[in-house]
Amino acid sequence: MGPEWRAFDHEQRDKRTRVGAPITYTIHDKGLSTIYGRDIPARNRAQWYRLRKWQRKIRISGATERNLAFALSELDRDSSRLGLPRSVREAASVVYRSAVDNKLIRGRSIEGVVAASLYAACRRCNVPRTLDEIAEVSRVTKKEVGRTYRFLTRELNIKLPPTSPVDYVPRFASELGLSGEAQSKAIEIIEKAMEKGLTSGRGPTGVAAAALYIASVLLGERKTQRDVADIAGVTEVTIRNRYKELTEQLEMGVTL
DNA sequence: AAGACGAAAGTGGTTGA
DNA sequence: TCAACAACTTTCGTCTT
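Parameters at a glance
As a convention, each chain's residues are numbered from 1 in the sequence order in which they are written. Key to labels: chains lettered from A, ligands numbered from 1, both in the order written. Owing to the predicted nature of the model, reporting of local features is limited to residues with pLDDT of at least 70; listing and counting of side-chain atom pairs is limited to 80 or more, with chain, interface and lining totals taken over all residues. In this text, helices come from DSSP runs of H or I with a minimum length of four residues, and strands from runs of E with a minimum of two, each type numbered from the N-terminal end. Partly exposed residues are those whose C-beta has more than 12 but fewer than 20 other C-beta atoms within 10 Å; 20 or more makes a residue buried and 12 or fewer makes it exposed, with C-beta atoms placed from the backbone. Once C-beta atoms have been placed from the backbone, residue pairs whose C-beta atoms lie within 7 Å are recorded as contacts. By convention here, the domain bounds are inherited from an automatic or database domain assignment. Each residue gets one of three labels, nonpolar for Ala, Val, Leu, Ile, Met, Phe, Trp, Tyr, Cys and Pro, charged for Asp, Glu, Lys and Arg, and polar for the others, Gly among them. Throughout this description, a residue near a molecule or strand is one whose C-beta atom, derived from the backbone, lies within 6 Å of it. Nonpolar core, as used here: buried Ala, Val, Leu, Ile, Met, Phe, Trp, Tyr and Cys residues forming one set through C-beta atoms within 7 Å. The axes are straight lines fitted to the C-alpha atoms, using for helices just the contacting stretch, and the angles between their N-to-C directions are given from 0 to 180°. An angle counts as roughly parallel when it lies under 35 degrees, as roughly antiparallel when it exceeds 145, as roughly perpendicular when it falls between 65 and 115, and as oblique in every other case. In this scheme the crossing of two helices becomes right-handed for a clockwise turn of the near helix relative to the far one and left-handed for an anticlockwise turn of less than a right angle. Each helix should span, by expectation, one fewer than its residue count multiplied by 1.5 Å. The directions considered for the arc are those from the helix axis to the C-beta atoms.

Draft legend 1. Examining the overall build of chain A more closely. Counting its regular elements, chain A contains twelve helices and zero strands. Within chain A, the fraction of its 256 residues that count as buried is 29%. Within chain A, contacts between residues at least 6 apart in sequence are counted, and of these 67% link residues at least 24 apart.

The structure is reproduced here in structure tokens:
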């Protein structure tokens, strides 16, 4: 999991490091490249330069490798912009690689497949992003991300349960500056709603938004429908519709 | 004045013939 | 391929705080 030594400053770190980064799927050769040692004597410079040149050529050889390298840098760019953790990036790389292995990229744009892989990885890791959010950072339309995603899941036999509104609560709540209590309340509301079947067929973001809105009112941290709607990426009308269903059919104790 | 409400018409995507 | 359909959005006038 890490080095057995400790370094107290930069100099020590440089001195003690003997290996490169851990194996990772986000680099096209899994990060297993050679690292060079210390200073190279001047008379050998030219020779080393040529060797390095060959090394590069060999590492990235053929169209497949080149495409993979491009795709993975694209993937990294998108996930940085979305602020996704490493684990999700790794998961997305795995999906993309198997798409390549199964020859599914033909006729589809690399960007599209990258975006779809990311979308799938986010869902698998229970940190969902909406199609809109993915499309926002990539050079692909929402429509294409969705279409490619469905294609990938079908061809690769990936089975993902529908996204639960609960998965959106922590992110939306923190963007709204709501307390932990409000979060718990929202989750409680959603769970009750799911038992009564009020969430099936509804967009998960809308349900999450309504639950958060209700929670914010109940706990005296009121946010406007507008604020919640903007962050959840739905309209005020949708929040109203959901929250009407929720308050009517759930016994919520207090009246709003 | 800002926020909430709800009716009505429009949009994009899925489903089933 | 096409129409029916449900969820969601847009828009807008009205009510509430």
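Draft legend 2. Region of interest: the environment of tryptophan 48. As for its position among the elements, tryptophan 48 is in helix H2 (residues 45-59). Residue class for tryptophan 48 comes out exposed when judged on the 12 C-beta atoms lying within 10 Å of it.

Draft legend 3. Representation of the domain arrangement of chain A. When cut into domains, chain A gives domain 1 (15-161) and domain 2 (165-249). Each partner contributes residues to the interface: domain 1 has five residues there, and domain 2 has four residues. For the side of domain 1 that touches domain 2, a count of residues per class yields two nonpolar, two polar and one charged.

Draft legend 4. A look at the protein's contact with DNA strand B. Residues in contact with DNA strand B, as listed here, are Lys143, Gly146, Thr224, Gln225, Arg226, Val237, Arg240 and Lys244. Broken down by secondary-structure element, the contributors of at least two residues to the surface near DNA strand B are helix H7 (142-155), helix H11 (225-232) and helix H12 (236-249). The biggest single contributor to the surface near DNA strand B is H12, with three residues. Tallied by class, residues from the surface near DNA strand B come to one nonpolar, three polar and four charged.

Draft legend 5. The nonpolar core, seen in detail. Counting residues in each nonpolar core, the largest one holds 28 residues, and the members touching the most others are Phe172, Ala186, Ala208, Ala209, Ala210, Ala211 and Leu212. Residue assignment for this core shows that the elements contributing at least two residues are helix H8 (169-176), helix H9 (180-195), helix H10 (204-218), H11 and H12. Top element by residues in this core is H10. It accounts for nine residues. Those residues in contact with alanine 186 that sit more than four places away from it in its chain are Val169, Ala173, Ala211, Leu212 and Ala215. Counting residues in each nonpolar core, the second largest holds 25 residues, with Leu68, Leu75, Ala99 and Ala120 among its members.

Draft legend 6. Structural detail: the packing of H10 against H12. For the pair H10 and H12, the least separation of the axes is 8 Å and the interaxial angle reads 70°. Taken together, H10 and H12 sit at an angle that is classed as roughly perpendicular. Note on packing geometry: the crossing formed by H10 with H12 is right-handed. Contact residues: H10 offers Gly206, Val207, Ala209, Ala210, Tyr213 and Ile214, while H12 offers Thr238, Ile239, Arg242, Tyr243 and Leu246. By residue class, the composition of the contact of H10 with H12 is eight nonpolar, two polar and one charged.

Draft legend 7. Examining the protein's contact with DNA strand C more closely. Close to DNA strand C lie Gly201, Arg202, Gly203, Gly206, Val234, Thr235, Val237 and Thr238. A class-by-class count of the residues in the surface near DNA strand C yields two nonpolar, five polar and one charged.

Draft legend 8. Inspection of helix H4 (residues 86-101) at higher detail. Spanning 16 residues, H4 covers 22 Å between terminal C-alpha atoms, matching the ideal 22 Å at 1.5 Å per step. Restricting attention to buried positions, one finds in H4 the residues Val88, Arg89, Ala91, Ala92, Ser93, Val95, Tyr96 and Ala99. Among the residues trailing H4, lysine 103 stands out with phi positive, at a value near 55°.

Draft legend 9. Looking closely at H7. An ideal rise of 1.5 Å per residue puts 20 Å on 14 residues; H7 measures up with 20 Å between its terminal C-alpha atoms. Looking at H7, one finds that the buried residues are Glu144, Val145, Thr148, Tyr149 and Leu152. Down the axis of H7, the buried side of the element spans an arc of 130°, and every buried residue falls inside it. The exposed set on the far side of H7, more than 90 degrees from its buried face, consists of Lys143, Arg150 and Arg154. The inward-facing, buried residues of H7 abut H4, helix H5 (110-124) and helix H6 (131-137). Just downstream of H7, asparagine 157 is the residue with a positive phi angle, here 55°.

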